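# Understanding the architecture of this molecule
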Amino acid sequence: MVNINKQPKPLILVDGSSYLYRAFHAMPSLTNSKGEPTGATYGVVNMLKKVLDDYDPELIAVIFDAKGKTFRDDLYGQYKAHRPKMPEELSGQLEVIQDVVRALGIPVLEVAGVEADDVIGTLVTLGKEHGICSMMSSGDKDLTQLVDDQVSMVNTMDGTVLDRDAVERKFGVPPNLMIDFLTLVGDSVDNIPGVPKVGPKTATKWLTAYGSLDAVMAHAGEIKGKVGENLRASLAHLPLSRELVTIKCDVGLDVGPLDLERKAPDRAKLQELYARLEFRSWLAELLEPESGQDAATSAIPTDYETILERDRLQAWIDRLSRAELFAFDTETDSLDYMRAQVVGVSFSIEPGVAAYVPVAHDYPEAPAQLPREEVLEALRPLLEDPARGKVGQNLKYDMNVLCNHDIALAGVTHDTMLESYIMDSTATRHDMDSLALKYLGHRTIHFEDVAGKGAKQVSFNQVELEAAAPYAAEDADITLRLHLHLWPKLLEHPRLQRLFEEVEIPLIPVLSRMERNGVQVDAEMLAEQSRQLAARMQELEREAWSAAGEEFNLGSPKQIQEVMFVKLQLPVRAKTPKGQPSTAEAVLQDLALDYELPRIILEHRGLSKLKSTYTDSLPACINSCTGRVHTSYHQAVASTGRLSSSDPNLQNIPVRTAEGRRIRQAFVAPSGRRLIAADYSQIELRIMAHLSCDEGLRRAFEHDQDIHRATAAEVFSIPPEDVTVDQRRRAKAINFGLIYGMSPYGLARQLGISRDEARTYVDTYFARYPGVKAFMDETRAVARDRGYVETVHGRRLYLPEINSRNPQRRQAAERTAINAPMQGTAADIIKRAMLTLHQWVDHPEIEAKMILQVHDELVFEVAEGDVEEARVVIEQQMTAAAQLSVPVVVDVGIAGNWDEAHA
């Protein structure tokens, strides 16, 4: 029981209905992976958590409006008659919001026949009888009538606390006159009639002059002008309006203020709710070990073993040999797969049971461990056995590391990262920590927990075994648990299962081989390019200073802002969240159509990015042992199924500028070899023709026409031979723009034409290619109905915002729905080509390596004597991988560097 004699903390009364609408309109249209709306829930809980943090209340309640009519509806049949029904997206969240509030230990109140304000008013009044001060949390100005020396209000709109003086400063009248103020002004939202044309200023003026609503009404005849006429015409209904805005403070309640004690949170219920809603950061906080608990065992029962003796290692090897499937993981001394050495290995064969074998922890006073080479040799038969199934989390990394010890990992049948990715690429990040939190409701031991953070972080070989062993064993255990959770779900979707088993899993060794092959880069050429870029950037800097009439820092958005929008008075196209004129790239591109300075700044930015990202940094990426650059390919990053790369990212080197193409010149073939670049020609447009079944598109591809020229001929109603270069350029923008969901507005901006002209182009295009229009319309409809779209091969892309109430978010989801089937199908096609070509490059009679994959292109390094045979095979295999209803064309180039081979 709360001791009110010593109670310094106020009774907190939260207007739940005010919170609901505030959160609904303030938060983006969030959904969980099942498509259930969660934005309002997140917003309400976030505001409540702030209240708990700020005030740490002992007495608190959240009060919601009950369903059904109230006494005000009986008083006035038109009360709230114009207020729209609660949106379905919000009403559907009300129950779970209340569940979370209760699980937080906060009482929830709803009283039939009255509103939340009336319940709050009654509790405030009862609180004063017990000597309890109250604080109301709401954005509803009606509650300010309750403010006095014992009652305050925190405004959820801006966080300000309103006491008696603050109310008077804000509204011009003290709290005891707020009922009169609200009566005169009326409330259009609640449909309470006030005095027409009387706003806050006039109401304040009258109440200051006459002292009360009754006095204003008594002196109505003295008030001149139209407002005086309106006041006199309103005298009959003002008493009713006053009754409607007056908060009822004598509601019969089953509880009093002292019954509203805050209880301890129901952690189990919160865990269940946060997991369902996918509030991952809060779930992670909730799963943080409590004081004194061990991080490894706080959430799940475990039986983990640290193996330091040969007999225990042999016992585990015997168990692994009998298992149909076991989870496997390596711990290493580096994230660089080309340099990493094994520090330890872990495995698990049943949930909760795992072992860690340390082999190279070398911190001072580290216990004696089994020799690394001995352990790896003992495990080699298991690891290299293709019949012994393994499951891991991102096993490609472990495969690469084991290669450093001459072990060829085989039998990779499952990867939890890829299982999650194939199930739903957008539902979550696919790292182990995120997956464990989402699917198992378990907070894993994080690397930083055992190795430290920032400058104090140590490599894993320096982590003491007492911390390292539970961390490593948990990795294997959680991997197995995730597999047992995800795999049955994947089996429910045969097309996704087939994609996983026939494409994604077999691709792991292909990508591993490509990564280890690497690509040769000419460091001296890049250094010369850096010097040339620096010189050109200096020229652009001088040009910019001349255009601006003063010197300024081209790398400073603030200085650019001052020069462009203050000094030169260029038009402001967009603003930052803080209300400042934006200098974002899209804004500069728009302004560059009409003004010189933005064009110069854009070119300078582009060159600066090329220099810092590529010509300066690529030489530092050259491996000292191989003399080559080794990127990392990622299967579970891009939502559409495309591969991405990092460290370094080789997929975003620009090809539309001369400077970008020159960087590709530094990717070279070693002596005695040539590079073969094979690129699918206009593959996404061909996939569009296949999916849409549009006869015009199909005919153009079947007759091997220049598709952009053919489109220009259709759009401009001229023979193909009369199409100009500019008309073809515009047609190309239409072709590619539409498959990326570009609007007429976007097309207008890209081509520098009016919206009406762009709209005419689009309308004409759809008239000439009706199948494309029908496909797009059908795709949007299917996406809205199912919540996802599919590629030709069954890969799914879920679109949680396809039915969002926010037009911008909904339209973005619709654009994605159009493009994803094409981009995803193209990704599936090139992956299938990589699988067959991987087998071909293993042919002993051919000296070839697959070294790069960039979007729709594969690059090979081939011995000069095998180039012609290789060119034929590569073209044949890539063409065969795409089974479309239109011809597939692969452009193949051969040269000594990547740029010339791609030309």
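Note that residues are indexed from 1 along each chain, following the sequence as it is written. Per-residue local features are limited, in this predicted model, to residues with pLDDT of at least 70; the limit for side-chain atom pairs, both in listing and counting, is 80 or more; totals at the level of whole chains, interfaces and linings are taken over all residues. Think of the side-chain values as coming from all heavy atoms in the structure, minus any hydrogens and water.

It helps to recall that an α-helix has 3.6 residues per turn; residues three or four apart then point in one direction. Buried residues of helix α11 (residues 238–245): L238, S241, L244 and V245, and no others. Along the axis of α11, the buried positions cluster into a sector of 115°, meaning they face one direction only. Residues are treated as being in contact if the distance between any of their heavy atoms lies within 4.5 Å. Secondary structure elements follow DSSP: runs of H or I no shorter than four residues count as helices, runs of E no shorter than two count as strands, and numbering proceeds from the N terminus. Against α3 (71–75), α7 (178–185), α9 (213–218) and α10 (225–234) lie the buried residues of α11. Think of it in three bands: with a 1.4 Å probe and only protein chains considered, a residue is buried below 20% of the maximum accessible area for its type, exposed above 50%, and partly exposed in between. It is the directions from the helix axis to the C-beta atoms whose arc is reported.

Turning to the side chain of K438, a few remarks are in order. With respect to the helices and strands, the residue K438 is situated in helix α18 (residues 432–440). For K438, a relative accessible area of 12% corresponds to the buried category. Apart from the residues within four sequence positions on either side, K438 is in contact with S33, E278, R280, A427 and T428.

A word on the sheet that holds strand β7 (residues 303–306). Two strands are counted as paired when DSSP detects at least two bridges linking them. One open sheet accounts for 6 strands, arranged β7-β10-β9-β8-β11-β12; its pairing is mixed. With partners counted over all chains shown, the strands left at the sheet margins are β7 and β12 (412–415), one partner each. The average undirected angle you get between the axes of adjacent strands in this sheet is 25°. Two strands pair when backbone bridges link them, and strand β8 (residues 325–332) and strand β11 (residues 389–392) are joined in this way by 3 bridges, in the parallel orientation. Note on β11: the bridge partner recorded for L325 is G389. Contacts from helix α15 (residues 372–383) reach β8, β9 (342–350), β10 (353–358) and β11, with the element oriented near 40° to β9. Lines are fitted to the C-alpha atoms to define the axes, a helix being fitted only along its stretch in contact, and any angle between axes, read from their N-to-C directions, falls within 0 to 180 degrees.

Okay, the environment of E36 next. By the element assignment, E36 lies in the loop between α1 (16–26) and α2 (39–55). A relative accessible area of 29% places E36 in the partly exposed class. E36 sits 56 residues away from G92 along the chain, and the two C-alpha atoms are 8.7 Å apart. In this structure, E36 is in contact with L30, T31 and R276, ignoring residues within four places of it in sequence. Think of a polar contact as two N or O atoms within 3.5 Å of one another; within protein, one of them needs to be a possible hydrogen donor and the other a possible acceptor, and neighboring residues in sequence only count if both atoms come from side chains. Polar contacts involving the side chain of E36 include one to the side chain of N32, which spans 2.7 Å.

To continue, consider the sheet that holds strand β22 (residues 890–895). Overall, antiparallel pairing links the 4 strands, which are arranged β20-β21-β17-β22 in an open sheet. The open sheet terminates on both sides in strands that have one partner only, identified here as β20 (848–854) and β22. Taking each pair of neighbouring strands and ignoring which way they run, the sheet shows an average axis angle of 20°. Here strand β17 (residues 673–680) runs beside β22; their pairing, made up of 6 bridges, is antiparallel. Bridge pairing in β22 places A677 opposite G893.

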